[in-house]
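Below, each chain spelled out in residue letters.
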Amino acid sequence: MAAAAAAAAAVKRVVVTRALPAATMARLTSRPDIAVTAWEAEGAMPAAALGAAVAAGGGAAGVVCMLTDAIDAALLDASPALRVVSTMSVGYNHIDVAACKARGVSVGYTPGILTDATADLVVALLLATARRLPEAWSAVKSGEWSSWSLFWMAGKAVAGATVGIVGAGRIGSAVGRRLRGFGCPILYTGASGRKPELEAELGGGATYAPLDDLLAASDFVVVLCSLSPATRGLFNRDRLLRMKPDAVLINASRGEVVVQDDLVAVLRERPTFAAGLDVTTPEPLPTDSPLLTLPNAVVLPHIGSSTTACRTEMADMAVRNVLAALDTGTPLLAVPL
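Here is a short report on the structure shown in this document. (Residues numbered from 1 in each chain as written. Predicted model: local features only at pLDDT ≥ 70, side-chain atom pairs only at ≥ 80, totals over all residues. Heavy atoms only, no water.)

**Points about the packing of aromatic side chains**
Piece 1. All chains considered together, the criterion is met by two aromatic pairs.
Piece 2. Here the aromatic rings of Y92 and Y109 are separated by 5.6 Å at their centres, their planes lie at 85°, and the arrangement is edge-to-face. Of this pair, Y92 sits in the loop between β4 (84-87) and α5 (97-102) while Y109 sits in the loop between β5 (106-108) and α6 (115-130), placing them 17 residues apart in sequence.
Piece 3. A residue is classified by how much of its surface remains accessible, and Y92, at 30% relative accessible area, is partly exposed. (Phe/Tyr/Trp six-rings, centres within 6.5 Å; stacked < 30°, edge-to-face > 60°. Helix = DSSP H or I, 4+ residues; strand = E, 2+ residues; numbered from the N terminus. Buried < 20%, exposed > 50% of the residue type's maximum accessible area, 1.4 Å probe, protein only.)

Here it is as C-alpha cells:
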C-alpha cells in the first residue's frame, strides 16, 4: 500500500491547452509517470478553465500552452508543483518570464522551427499586398472585371525594390535570402546591430542602416522584431510618415509593435501607401475594425507558421520541452531566464 501511494505521488500532471496531434500526445500519455489534462474543445482554453486545471489534483507540474494563453503570476501560484511552462511559439510575451524565474519555473519555446514557414508567408504577404491580389480576386467575384484597362489593379513592383527589414534575426535573415532572388537590395536594422555574416551570406546585397534611414529609403518595410518595451508602439504616426508615400509595410512580428490607429489614419491619408498584416491588435481582429474597410490593407489571421509540417513540429517540440524539463530540470529549447 505504501508503494502504491509512492507511485501515485511520483506521477506528474501536465496540462495541455489545445488538442495536439495523436503522435505528439502519445509522447505524454505513454509515460506511466505522466497524467495529462487536455482541453479537447474547439478554440482557446478559457482562462478560468486553465487556472482550474493547473490547480486541480495537488497542482500541475507542467503546462503546454499557446500564444493566446496568458501565463501570469496568479496562474503560476495556482500550483506550487509547477516546474515548466512550454509554449508552442517562438514568441513568449504572453508568459510572465520574471514571475517564472522568481518561482523556479523554466520556460520552453520553439525557435528555429517556424523560420522557413514564416519567411515564406512574409514573402507571400508582401507580394499579395504589392500586387493587390485580394482586391483583384474580389473584383473577379463581384463582376467588376470587364475589359482590359491600362492601370486597373496596377500594383507595386517587387523585383529590384529596396526592402528594409526591421529585426534581422532568424526569420528576417530568411526573408532577406528569399528576396535576394527578386534582385532586391536589402537594408536591415535591429537591436543586435550590424551582422557581417548576413551581409556575406547575401553577397554584399545587405546593408545595415539606422531605423530612420531605413524607413526613408525602403520601398517595402518588413517588421520582424520581437515585442519588448523598446519595440512596443515603435511604428507610430511619426515613423509611418517617414516612409515613402507609396511604401508597403509588412508586419509579421506582433500587432503591438504598430500603433494600429495611427496606421489606419495613414492608410486613409495616403491611398498609395499599403500595409500587409499577419498580426493585429487585438487578435482575432473584430469584423468591424476599420482596417477591414481599407482597400490598401491586407489582413491575415496570424498564420505565419501555419503549415501542417511546421505546426506538427512545433507541437512536438513543445511537448519534448516539457518532458525534458520534468526529467532533467531544463527544456531542450529554453527561454533564458
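Still to come is the rest of the account.
**Considering the sheet that holds strand β3 (residues 62-65)**
Piece 1. Taken together, the five strands give an open sheet; going across it, the order is β2-β1-β3-β4-β5, and neighbouring strands pair in parallel fashion. Pairing within the sheet leaves two strands with one partner each, and these edge strands are β2 (34-38) and β5. On average, adjacent strands in this sheet sit at an angle of 20° to one another, irrespective of strand direction.
Piece 2. Helix α2 (residues 22-29) rests against β1 (12-16) and β2 of the sheet, and its axis sits at about 135° to β2.
Piece 3. Lying on the sheet, helix α3 (residues 47-55) is in contact with β1, β2 and β3; it crosses β1 at an angle near 170°. (Pairing = 2+ DSSP bridges. Axes fitted to C-alpha atoms, helices over the stretch in contact; angles between N-to-C directions. Contact = heavy atoms within 4.5 Å.)

**Some thoughts on the sheet that holds strand β6 (residues 163-166)**
Piece 1. Pairing is parallel in the open sheet, where seven strands are placed in the order β8-β7-β6-β9-β10-β11-β12. Each of the sheet's edge strands pairs with one partner strand only, and the pair in question is β8 (206-208) and β12 (297-299). The average undirected angle you get between the axes of adjacent strands in this sheet is 15°.
Piece 2. Here three bridges tie strand β11 (residues 274-277) to β12, and the two strands are oriented parallel to one another. Pairing of L277 across the sheet is with V299, part of β12.
Piece 3. Against the sheet, helix α12 (residues 260-269) engages β10 (248-251), β11 and β12, with an angle of about 140° to β11.

**A closer look at the layout of surface pockets**
Over the atoms, a rolled probe matching the size of one water molecule traces out where space is still vacant.
Piece 1. Of the volumes computed, that of the second largest pocket is approximately 410 Å³.
Piece 2. The wall of the second largest pocket is formed by 21 residues, among which R132, E135, P271, A274 and N296 lie closest to the centre.
Piece 3. With four residues, helix α7 (residues 133-142) is the single largest residue contributor to the lining of the second largest pocket. (1 Å grid on protein atoms, 1.4 Å probe; cavity = no way out; pocket = protein on both sides within 12 Å on 5 of 7 lines; lining within 4 Å. Points joined across faces, edges and corners; volume = space filled by probe spheres on them.)

**Digging into the pattern of salt bridges**
Oppositely charged side chains are able to pair whenever their charged atoms sit close together.
Piece 1. Tallying each qualifying case throughout the model produces 17 salt bridges.
Piece 2. Put simply, D33 and R31 hold a salt bridge, and the shortest N to O gap is 2.8 Å.
Piece 3. A salt bridge links R178 to D120; the nearest nitrogen and oxygen atoms lie 2.7 Å apart. One end of the pair, R178, is in helix α8 (residues 170-180); the other, D120, is in helix α6, and 58 residues separate them in sequence.
Piece 4. Taking relative accessible area as the criterion, R178 reaches 25% and is therefore assigned partly exposed.
Piece 5. Through salt bridges with shared partners, one network takes in K12, R31, D33 and D327. (Salt bridge = Lys/Arg side-chain N within 4 Å of Asp/Glu carboxyl O.)

**Some remarks on the pairing of strand β9 (residues 220-223)**
Piece 1. Across the two faces of β9 the burial is the same, with F220 and V222 and V221 and V223 all buried.
Piece 2. Alignment of β6 against β9, held across four bridges, turns out to be parallel. Across the sheet, V166 pairs through a bridge with V223, a residue of β9.
Piece 3. Of the strand pairs in this sheet, β9 and β10 are connected by four bridges, and their pairing is parallel. Bridge pairing links V221 to L249 in β10.
Piece 4. In terms of handedness, the path from β9 via helix α11 (residues 237-242) over to β10 forms a crossover that is right-handed. (Right-handed = clockwise from strand over helix to strand, strands pointing away.)

**With respect to the packing of α6 against α8**
Piece 1. At a minimum axis separation of 9 Å, α6 and α8 run at an interaxial angle of 55°. Judged by the inter-axis angle, α6 sits oblique to α8. The way α6 lies across α8 gives a crossing that is right-handed. Packed against α6, whose contacting residues are T115, D116, T118, A119, D120, V122, V123 and L126, the element α8 presents R170, I171, A174, V175, R178 and L179 at the interface. (Parallel < 35°, antiparallel > 145°, perpendicular 65-115°, else oblique. Left-handed = near helix turned anticlockwise from the far one by under 90°.)

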